[in-house]
Amino acid sequence: MTDDKVKRRLTTVLCADVYGYSRLMEADEAGTLETLRRYRTAIARLVERHDGRIVNTWGDAVIAEFASVVEAVQCAVEIQQEISSQAADTPQANPMRFRIGINLGDVMVDGTDIYGDGVNIASRLQELAEPGGVVISSSVYDQVHNKLSVGFDCLGQRPMKNIAPLTSYRLTLGSQVAGPASYASGESAAPFERAHAPRMNDRRAPSPPTNVVSDWLARVPRPVAAALTVCAFLILINLFTSHKIWFHWPVAAILFGVVLRMVLGQRPETDSRPER
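Residues numbered from 1 in each chain as written. Predicted model: local features only at pLDDT ≥ 70, side-chain atom pairs only at ≥ 80, totals over all residues. Heavy atoms only, no water.

Summing up its helical and strand segments, the protein has nine helices and eight strands in all. Looking at the protein alone, contacts between residues at least 24 apart form 64% of all its contacts between residues at least 6 apart. Only carbon and sulfur atoms are counted for the fraction: they give 56% of the accessible area of the protein, which is about 16700 Å². (Helix = DSSP H or I, 4+ residues; strand = E, 2+ residues; numbered from the N terminus. Contact = heavy atoms within 4.5 Å. Areas by Shrake-Rupley, 256 points an atom, 1.4 Å probe, with all protein chains shown as cover.)

A few words on the pattern of salt bridges. Inspection of every chain in the model, using the stated rule, returns seven salt bridges. A salt bridge links E65 to R9; its shortest N-O distance comes to 2.6 Å. Residue E65 is located in strand 3 (residues 62-66), and its partner R9 is located in strand 1 (residues 7-18); the two are separated by 56 residues in the primary sequence. By relative accessible area, R9 is classed as partly exposed at 31%. Residue E82 is joined to R45 by a salt bridge in which the shortest nitrogen-to-oxygen separation is 3.6 Å. One end of the pair, E82, is in helix 3 (residues 69-89); the other, R45, is in helix 2 (residues 29-49), and 37 residues separate them in sequence. With a relative accessible area of 24%, E82 lands in the partly exposed category. Residue classification places R45 among the partly exposed positions, given a relative accessible area of 39%. Several salt bridges share partner residues, and in doing so they unite R9, R53 and E65 into one network. (Salt bridge = Lys/Arg side-chain N within 4 Å of Asp/Glu carboxyl O. Buried < 20%, exposed > 50% of the residue type's maximum accessible area, 1.4 Å probe, protein only.)

Another aspect to go through is helix 3. The end-to-end C-alpha distance of helix 3 is 31 Å, a good match for the 30 Å that 21 residues give at a rise of 1.5 Å each. For helix 3, the complete set of buried residues consists of V69, A72, V73, C75, A76, V77, I79, Q80, I83, S84, Q86 and A87. Between the side-chain oxygen at the start of helix 3 and the backbone nitrogen of V70 there is a gap of 3.4 Å, and the oxygen is on S68. (Expected span 1.5 Å × (residues − 1). Polar contact = N/O pair within 3.5 Å; in protein donor to acceptor, adjacent residues only side chain to side chain.)

Further remarks concern a nonpolar patch on the surface. Judged by side-chain polarity, L236, L239, F240 and I245 come together as a nonpolar surface patch covering roughly 450 Å² of accessible area. By secondary structure assignment, the location of L239 is in helix 8 (residues 222-241). Judged by relative accessible area, which is 52%, L239 ranks as exposed. (Patch = residues over 30% accessible without salt bridge, like charges linked within 9 Å, V, L, I, M, F, W, Y side chains within 5 Å.)

With 21 residues, helix 2 ought to run about 30 Å at 1.5 Å a step, and its terminal C-alpha atoms sit 30 Å apart, in line with that. Along helix 2, the positions that sit buried rather than exposed are T32, T35, L36, Y39, A42, I43, L46 and V47. Angular distribution of buried residues about the axis of helix 2 spans 135°; they occupy a single face of the element. Of the residues in helix 2, the exposed ones pointing more than 90 degrees away from the buried face are A30, E34, R37, T41 and E48. (Arc of directions from axis to C-beta.)

Our focus in this paragraph is unusual backbone geometry. The residue D51 is not glycine, and still its phi comes out positive at about 60°. Looking at the element boundaries, D51 is found in the loop between helix 2 and strand 2 (52-56). For D51, a relative accessible area of 63% translates into the label exposed. The backbone of N162 sits at a positive phi, close to 60°, despite the residue not being glycine.

Within strand 8 (residues 163-172), seven of the 10 residues are buried, leaving the element largely enclosed by the surrounding structure. Looking at chain direction, strand 7 (residues 151-160) and strand 8 are connected through eight bridges and run antiparallel. Each bridged residue has a counterpart across the sheet, and for M160 the counterpart in strand 8 is I163. (Pairing = 2+ DSSP bridges.)

The share of residues in the protein with pLDDT of 70 or more is 75%, and the mean pLDDT across the chain is 79. Taken together, the stretch residues 175-207 has pLDDT below 50 and engages in 87 contacts with residues farther than four places along the chain or on a different chain. Here residues 268-276 is a poorly scored stretch, pLDDT under 50, and it has two contacts once near neighbours within four places are set aside; other chains count. (pLDDT = per-residue confidence, 0-100.)

The next thing to look at is the packing of helix 2 against helix 3. At a closest axis distance of 10 Å, the pairing of helix 2 and helix 3 adopts a crossing angle of 150°. Here helix 2 lies roughly antiparallel to helix 3, going by the angle between them. In the crossing of helix 2 with helix 3, the sense of the turn from one axis to the other is right-handed. Across the interface between the two elements, R38, Y39, A42, I43, R45, L46, V47 and R49 from helix 2 touch C75, E78, I79, E82, I83, Q86 and A87 from helix 3. Split into classes, the residues belonging to the contact of helix 2 with helix 3 amount to nine nonpolar, one polar and five charged. (Axes fitted to C-alpha atoms, helices over the stretch in contact; angles between N-to-C directions. Parallel < 35°, antiparallel > 145°, perpendicular 65-115°, else oblique. Left-handed = near helix turned anticlockwise from the far one by under 90°. Nonpolar A, V, L, I, M, F, W, Y, C, P; charged D, E, K, R; others polar.)

Okay, structure coming up:
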């Protein structure tokens, strides 16, 4: 009997695609093809350096797989840095920029080709990336977030075509963000932003009430802050030690003293200062 069972394996898939390839070809076919060949040569060299292999090159896309998740992410970072460096050396009106997606998943193996959701997810993650950027799946993040000196911004669960929503992360490295501004302005073309960005969700959580109060007290004059603190302390003592309300008299006296001091403290400064 022949064994027709589909071969599978767990692997790390890297998908790189040129942003706006059709527009680039329309503007300059010969120049775009030459640039694509040069960048593909650089990508193949970096993939080989990180013990990966090129699986396929469909149109302007590059599919590669790696046995190591860490090596795959390091390779993606170096690819963007290499392309950014070459673009800076040969400035162009419409520079070619790649978007990269990386996924760790199960794939079907057919000879030298790989298929399945593991590949499809990497392709969809690539579509979420900014030009010059890298987006990884949560399965990749779990393996590399404490092994690489890069930052990660959580993108949450983004809808992807024909793929169930999954949590993804954007890589950050250096001092710039992976985005159009890194290339279009003609300034530094570094592909990432925010040095060592926090490896958490980029949406800020609301500040705790204690932080809000402390920040507000830090902005008011020191005598006022001290008086308000004493008043709050007296109110708490009254509430927790007695059923009879008595805090209003000392609190009123303290607040009156603070107001009086502030009013009298400002008068000499404004009245006695001679005009120049």
